[in-house]
Amino acid sequence: MVAPTPIIEDLKARKPAALARAISLVENGSPGSETLLAGLHPLVGTARRIGITGPPGGGKSTLIERLASHYRTAGLTVGVIAIDPSSPFTGGALLGDRIRMERAAVDPGVFIRSMASRGSLGGMATTTGEVADVMDAYGFDRILIETVGVGQSELDIASVCDTTVVVLVPESGDGIQVMKAGLMEIADIYVVNKADRPGADRLRQELEVAIGLKGGHAFRHVPAHHHPELQTAKTAREKTPSDAGTDGSDGPWAPPVIATAALRDEGIGELRGALDQHAAYLERGGGLQARRARQLAQRTRDVVERALRRWLWSDAGPRAALETALADVAAGRRSPYEAAAGVVERLRGSNGA
Ligand SMILES: Nc1nc2c(ncn2[C@@H]2O[C@H](COP(=O)(O)OP(=O)(O)O)[C@@H](O)[C@H]2O)c(=O)[nH]1
Ligand SMILES: [Mg+2]
């Protein structure tokens, strides 16, 4: 393996060239990347990882740019990972994101990286988590990860984030449809973007009702001393920051619904507030520690699987076993199942005792 020590030192010294290089190594799974990640591990764990997901065109990139700029104003640094769902060959979407994020990109306190959503050996979520680790070790305060919330691998990315924001628009359908789309499993915060358009307020209200119904308590966020005759479910955005930490025992988190108009820079402060509240919620309830522990366990499993897969398809022994099996299947001598079982049997045998 390539000795990665200089690159770690350069990362610690916050050299942007080292950051770009380290991310490329990790993204491509190049030789030395796991040694690098192992060396970075002690530096990982201070950034907050925020996943931003939702249908294409919903305004995720616009929202991220605005959120990043708010964070910068507050003196926080931001790493962005944009997972490009389109073909990795054209770079069209990548370029679009770049242009849109241009204002943020000239600032050294913001680093934007687009990644292709295909072709990573260890699975998209693992690679994304590893790239986030590099950004975390480099010292970014916030890591924003944009994915299109349509496929399983995109949903998996929620598992490497501390907080997942699901971005919807009035065109996304009604609240019940949204709830059926599987996004509620991962949403810590809902954003109804394009609030400048008709239907946004209705969707927001439907979501609030649907969340309340799901949790069996439409008024979870209403502190006891508030008036009970409120018509809609109170959301986290209506709390003041000082509320954070005073209600740690009030059970599970109910996702707030935030209305934004990213193009007009409206609602971004509220979104930031909700993100802070979710982070506070995780910290005071021990949820963050538990989440991180689960993530480390998952990472370990993923890396074992990746190593096995790499060995399986590149080592001469398994390849020979596989080729024999493929020939048997092609000649109709054995079913794929018998052939596969034979391969596994042979590998076990050659590995045992
Ligand atoms: N009307 C309106 N358009 C928006 C808003 N936010 C983003 N857009 C536009 O929606 C389109 C898609 O935005 P983009 O950020 O690329 O969406 P993404 O595919 O989810 O990343 C762009 O033309 C944006 O200018 C908004 O709040 N209101
Ligand atoms: Mg985008």
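Structure: above.
What counts as what
- Residues numbered from 1 in each chain as written.
- Chains lettered and ligands numbered in written order.
- Predicted model: local features only at pLDDT ≥ 70, side-chain atom pairs only at ≥ 80, totals over all residues.
- Heavy atoms only, no water.
- Donors = N, O, S within 2.8 Å, 3.2 Å for Na, K, Ca; no water.
- Helix = DSSP H or I, 4+ residues; strand = E, 2+ residues; numbered from the N terminus.
- Buried < 20%, exposed > 50% of the residue type's maximum accessible area, 1.4 Å probe, protein only.
- Expected span 1.5 Å × (residues − 1).
- Contact = heavy atoms within 4.5 Å.
- Core = buried A, V, L, I, M, F, W, Y, C linked by side-chain atoms within 4.5 Å.
- Salt bridge = Lys/Arg side-chain N within 4 Å of Asp/Glu carboxyl O.
- Axes fitted to C-alpha atoms, helices over the stretch in contact; angles between N-to-C directions.
- Left-handed = near helix turned anticlockwise from the far one by under 90°.
- Nonpolar A, V, L, I, M, F, W, Y, C, P; charged D, E, K, R; others polar.

Q: So what exactly am I meant to see when it comes to the coordination of the magnesium ion (ligand 2) here?
A: Octahedral metals with six donors have ideal donor angles of 90 or 180 degrees. Tetrahedral metals with four donors have an ideal donor angle of 109.5 degrees. With distances of 2.1 Å, the protein atoms coordinating the magnesium ion (ligand 2) are Ser 61 (OG) and Glu 146 (OE). A residue pair is termed long-range when its members are at least 10 positions apart, and Ser 61 in helix H4 (residues 60-73) and Glu 146 in strand S4 (residues 142-148) qualify at 85 residues. For Ser 61, a relative accessible area of 5% corresponds to the buried category.

Q: Looking at this structure, how should I read helix H7 (residues 124-138)?
A: Residues three or four positions apart in an α-helix share a direction because the helix packs 3.6 residues into each turn. Between its first and last C-alpha atoms H7 spans 21 Å; for 15 residues at 1.5 Å apiece the expected length is 21 Å, and the two agree. Of all 15 residues that make up H7, 15 are buried, and the element is covered over most of its length. Phi turns positive, to about 115°, at Gly 139, one or two residues after H7.

Q: What exactly am I supposed to notice about the environment of Gly 79 here?
A: Among the structural elements, Gly 79 can be located in strand S2 (residues 78-84). In this structure Gly 79 comes out as buried when scored by relative accessible area, which is 0%. Sequence-wise, Gly 79 and Gly 139 are 60 residues apart; in three dimensions their C-alpha atoms are separated by 9.2 Å. Apart from residues lying up to four places away in sequence, Gly 79 is in contact with Phe 111, Met 135, Phe 140, Arg 142, Ile 143 and Leu 144.

Q: It is not clear to me how the nonpolar core should be interpreted in this structure. Could you clarify?
A: Note on soluble globular proteins: their nonpolar side chains tend to be buried together. By size, the foremost hydrophobic cluster in this structure holds 31 residues, and its most contacted members are Leu 11, Leu 19, Leu 36, Ile 81, Val 134, Ile 143 and Ile 145. If you tally residues by element for this core, the top one is H7, at eight residues. Among all residues touching Val 134, those that are not within four sequence positions of it are Leu 11, Leu 19, Ala 22, Ile 23, Val 26, Leu 37 and Leu 40. Membership of the second largest hydrophobic core comes to 27 residues, among which are Ile 50, Val 80, Val 167 and Leu 271.

Q: Explanation requested: unusual backbone geometry in the structure shown.
A: Apart from glycine, the bulk of residues carry a negative phi angle, and the bulk of peptide bonds sit in the trans form. Positive phi is not limited to glycine here, since Lys 194 has a value of about 60°. By secondary structure assignment, the location of Lys 194 is in the loop between strand S6 (189-192) and helix H10 (200-215). Phi is positive for Asp 265, which is not a glycine, with a value near 65°. Tracing the sequence through the fold places Asp 265 in the loop between strand S7 (257-259) and helix H11 (268-284). Judged by its relative accessible area of 36%, Asp 265 falls in the partly exposed class.

Q: Any chance you could explain the pattern of salt bridges here in plain terms?
A: Any two side chains of opposite charge can pair, on the condition that their charged atoms come close. Inspection of every chain in the model, using the stated rule, returns 19 salt bridges. Measuring nitrogen to oxygen at the nearest pair gives 2.9 Å for the salt bridge that ties Arg 204 to Asp 201. You can see Arg 204 and its partner Asp 201 sitting in helix H10, three residues apart, about one turn around the helix. When its relative accessible area of 44% is taken as the criterion, Asp 201 is described as partly exposed. For Arg 309, the salt bridge is made with Glu 305, and the minimal N-O distance between the two is 3.5 Å. Of this pair, Arg 309 and Glu 305 are both found in helix H12 (residues 287-314), four residues apart, which corresponds to roughly one turn of the helix.

Q: What am I meant to see in the packing of H7 against H12 here?
A: What describes two packed helices is the angle between their axes and the distance between those same axes. Orientation of H7 relative to H12, taken along the N-to-C sense of each, is 120°, at an axis distance of 11 Å. Remark: the crossing between H7 and H12 carries left-handed chirality. For the pair formed by H7 and H12, the contact residues are Thr 126, Gly 129, Glu 130 and Asp 133 on the first element and Arg 299, Asp 302, Val 303 and Arg 306 on the second. Classifying every residue of the contact of H7 with H12 gives one nonpolar, two polar and five charged.

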